[in-house]
Amino acid sequence: MRTHRPVTLGEFIVDKQNEFRYASGELSQLLTSIRLAAKVVNREINKAGLADILGAMGSENVQGEKQMKLDVYANDIFMEALKNLGEVCGVASEEEDDFVIFNDEMHKDSNYVVLMDPLDGSSNIDVNVSVGTIFSIYRRVTPSGTPVKLEDFLQPGNKQVAAGYVVYGSSTMLVYTTGHGVNGFTLDPSIGVFCLSHPNMRVPEDGKIYSVNEGNYVHFPEGVKKYIKYCQENDPATNRPFTSRYIGSLVSDLHRNLLKGGIYFYPRGTKAPNGKLRLLYECNPLAFIIEQAGGKASDGKNRIMDIDPTELHQRVPYFIGSTKMVEKAEEFIQQFGD
Ligand code: P6P
């Protein structure tokens, strides 16, 4: 068939549906609800400066972090979209203290739970720097027809059935995997459709970009300090001109490093004994993406997706990106300690 336009996300989801071992259309529907919510959030972000949704809500989330109006708005939009399409029996969110149960007639027999950071990078919202949405999808482990329980959410990342992110940047992209590679879709605002722009995304095995908040350097473990110095030394033998790029928005830093090669890390430190990022709805979904693209994600020692979660909002040290860069960081941590 001659095509005069790129494949849309909707067409792609249906076309790939049979790749998914539970190919009953439920996951396709679920991805469709995420697609819709992403478009609505994108619209609000693009005019945030005009609408009264900038700034703080005057409330805090369970992490004790100031909730921005757009954080809460994005949370509500994704919650509503996930509930309206009926494939989900529960949602956990960075913006919700506890998981939310969908237990009415329409949802109680659904098989999926979603964990999400509806709008990551809030500190950037009011200064017009890119932000993102991160989502992680599992099949429930408790009996269908009963209210979801905490154990449905405390699953290791290696049990994810799908994961992805939306980056609201110079263009808006939705990138996701169902375990069969990674594909990226760019929103064409003229027709309001996500179009396949980055098929079969692969992260370069090595890279020259390192992303870390060096303002926390004095608080880092010795092994991390040594790795940062390794990146900064310009070793003539290997001509290793690293570049430091840190946007303050995990999704944006991850997306650039996925395309160009690089490492993002948020280590443990004296100010953050377990790091800052949350295992369930930030680290695991992006780890699924990066592994499916040929990269690596660890806590400095262990594969992120093999960590057995103990708490909904638990934090872990995080190293993610090009395999050789993550492994080099792990070497320094092993040699000099974390
Ligand atoms: P810091 C945003 O709040 C976030 O969770 C990530 O998106 C980002 O990489 C990181 O925190 C920034 O944290 O402590 O460097 O400002």
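Note that this is a predicted model, so its numbers are computed, not measured. (Residues numbered from 1 in each chain as written. Predicted model: local features only at pLDDT ≥ 70, side-chain atom pairs only at ≥ 80, totals over all residues. Heavy atoms only, no water.)

A. A look at the packing of helix α2 (residues 26-46) against helix α3 (residues 69-84). Here α2 crosses α3 at 150°, and the two axes come no closer than 8 Å. The orientation of α2 with respect to α3, classified from their angle, is roughly antiparallel. Crossing angle aside, the handedness with which α2 passes α3 is right-handed. Residue-level inspection shows Leu30, Ser33, Ile34, Ala37, Ala38, Val40, Val41, Arg43, Glu44 and Ile45 of α2 in contact with α3, the latter providing Leu70, Tyr73, Ala74, Ile77, Phe78, Ala81 and Leu82. (Axes fitted to C-alpha atoms, helices over the stretch in contact; angles between N-to-C directions. Helix = DSSP H or I, 4+ residues; strand = E, 2+ residues; numbered from the N terminus. Parallel < 35°, antiparallel > 145°, perpendicular 65-115°, else oblique. Left-handed = near helix turned anticlockwise from the far one by under 90°. Contact = heavy atoms within 4.5 Å.)

B. Molecular detail of the sheet that holds strand β14 (residues 296-298). Strand order in this open sheet of five strands is β12-β11-β13-β15-β14, and the pairing throughout is mixed. A single partner strand is all that each edge strand has here, and the edge strands are β12 (243-244) and β14. Relative to strand β15 (residues 318-321), strand β13 (residues 263-266) runs antiparallel, the two sharing four bridges. By the bridge assignment, Tyr264 is partnered in β15 with Ile320. Each of β11 (209-211), β13 and β15 touches helix α5 (residues 222-232); the most contacted strand, β13, lies at about 150° to it. The strands touched by helix α7 (residues 279-292) are β14 and β15; relative to β15, the strand with the most contacts, the crossing angle is about 25°. (Pairing = 2+ DSSP bridges.)

C. Looking closely at the pattern of salt bridges. One pass over the structure, following the stated rule, counts 13 salt bridges. The salt bridge partner of Lys296 is Glu327, with a shortest N-O separation of 3.5 Å. Within this pair, whereas Lys296 is found in strand β14, its partner Glu327 is found in helix α8 (residues 323-336), the two being separated by 31 residues in sequence. Assessed through its relative accessible area of 25%, Lys296 is described here as partly exposed. For the salt bridge of Lys296 with Glu330, the shortest nitrogen-to-oxygen distance reads 3.2 Å. Note that Lys296 is positioned in strand β14 and Glu330 in helix α8, a separation of 34 residues in sequence. Via salt bridges that share partners, Glu94, Arg278 and Glu282 belong to a single interconnected network. (Salt bridge = Lys/Arg side-chain N within 4 Å of Asp/Glu carboxyl O. Buried < 20%, exposed > 50% of the residue type's maximum accessible area, 1.4 Å probe, protein only.)

D. Spotlight on the sheet that holds strand β5 (residues 112-120). Across the sheet, which stays open at both edges, the eight strands sit in the order β4-β3-β5-β6-β7-β8-β9-β10 with mixed pairing between neighbours. With one partner strand each, in any of the chains shown, β4 (100-101) and β10 (193-198) form the two edges of the open sheet. Inspection of the sheet shows strand β7 (residues 162-168) paired to strand β8 (residues 172-177) by six bridges, in the antiparallel sense. Bridging across to β8, Tyr168 finds its partner in Thr172. The sheet contacts of α3 involve β3 (88-93), β4, β5, β6 (131-139) and β7, and relative to β5 the element is tilted by about 155°. Against the sheet, α7 touches β3, β5, β6, β7 and β8, its axis set at about 85° to β6.

E. The side chain of Arg35, seen in detail. Examined against the element boundaries, Arg35 turns out to sit in helix α2. Buried and unpaired, Arg35 has no salt bridge, with Glu11 as the nearest side chain of opposite charge at 9.0 Å. (Lys, Arg positive; Asp, Glu negative; His and termini not counted.)

F. Quick peek at a nonpolar patch on the surface. Where nonpolar side chains cluster on the molecular surface, the patch consists of Val127, Val129 and Ile247 and spans about 210 Å² of accessible area. Tracing the backbone shows Ile247 in the loop between β12 and α6 (250-260). When its relative accessible area of 32% is taken as the criterion, Ile247 is described as partly exposed. (Patch = residues over 30% accessible without salt bridge, like charges linked within 9 Å, V, L, I, M, F, W, Y side chains within 5 Å. Areas by Shrake-Rupley, 256 points an atom, 1.4 Å probe, with all protein chains shown as cover.)

G. Inspection of the domain arrangement of the protein at higher detail. On domain assignment, one finds that the protein holds domain 1 (9-198) and domain 2 (209-336). Look at where the C-alpha atoms of domain 1 and domain 2 centre, and you get two points 24 Å apart. Across the boundary between the two partners, domain 1 contributes 51 residues, which contact 33 residues of domain 2. For the domain 1 and domain 2 pair, buried surface summed over both sides reaches about 2800 Å², with 63% attributable to carbon and sulfur atoms. Of all residues in domain 1, the largest losses of buried area upon contact with domain 2 belong to Ile134, Leu154 and Tyr165, amounting jointly to 20% of the total for that side. Our count for the contact surface shared by domain 1 and domain 2 stands at one salt bridge. Taken together, the connections running from domain 1 to domain 2 amount to 14 residue pairs in polar contact (both at pLDDT 80 or more). Of all the elements in the fold, those that place two or more residues in the side of domain 1 that touches domain 2 are β3, β5, β6, α4 (150-153), β7 and β8. If one sorts the elements of the side of domain 1 that touches domain 2 by residue count, β6 sits on top with seven residues. Its residues assigned to classes, the side of domain 1 that touches domain 2 comprises 24 nonpolar, 20 polar and seven charged. (Domains from an automatic or database assignment. Buried area = accessible area lost by both parts, 1.4 Å probe. Polar contact = N/O pair within 3.5 Å; in protein donor to acceptor, adjacent residues only side chain to side chain. Nonpolar A, V, L, I, M, F, W, Y, C, P; charged D, E, K, R; others polar.)

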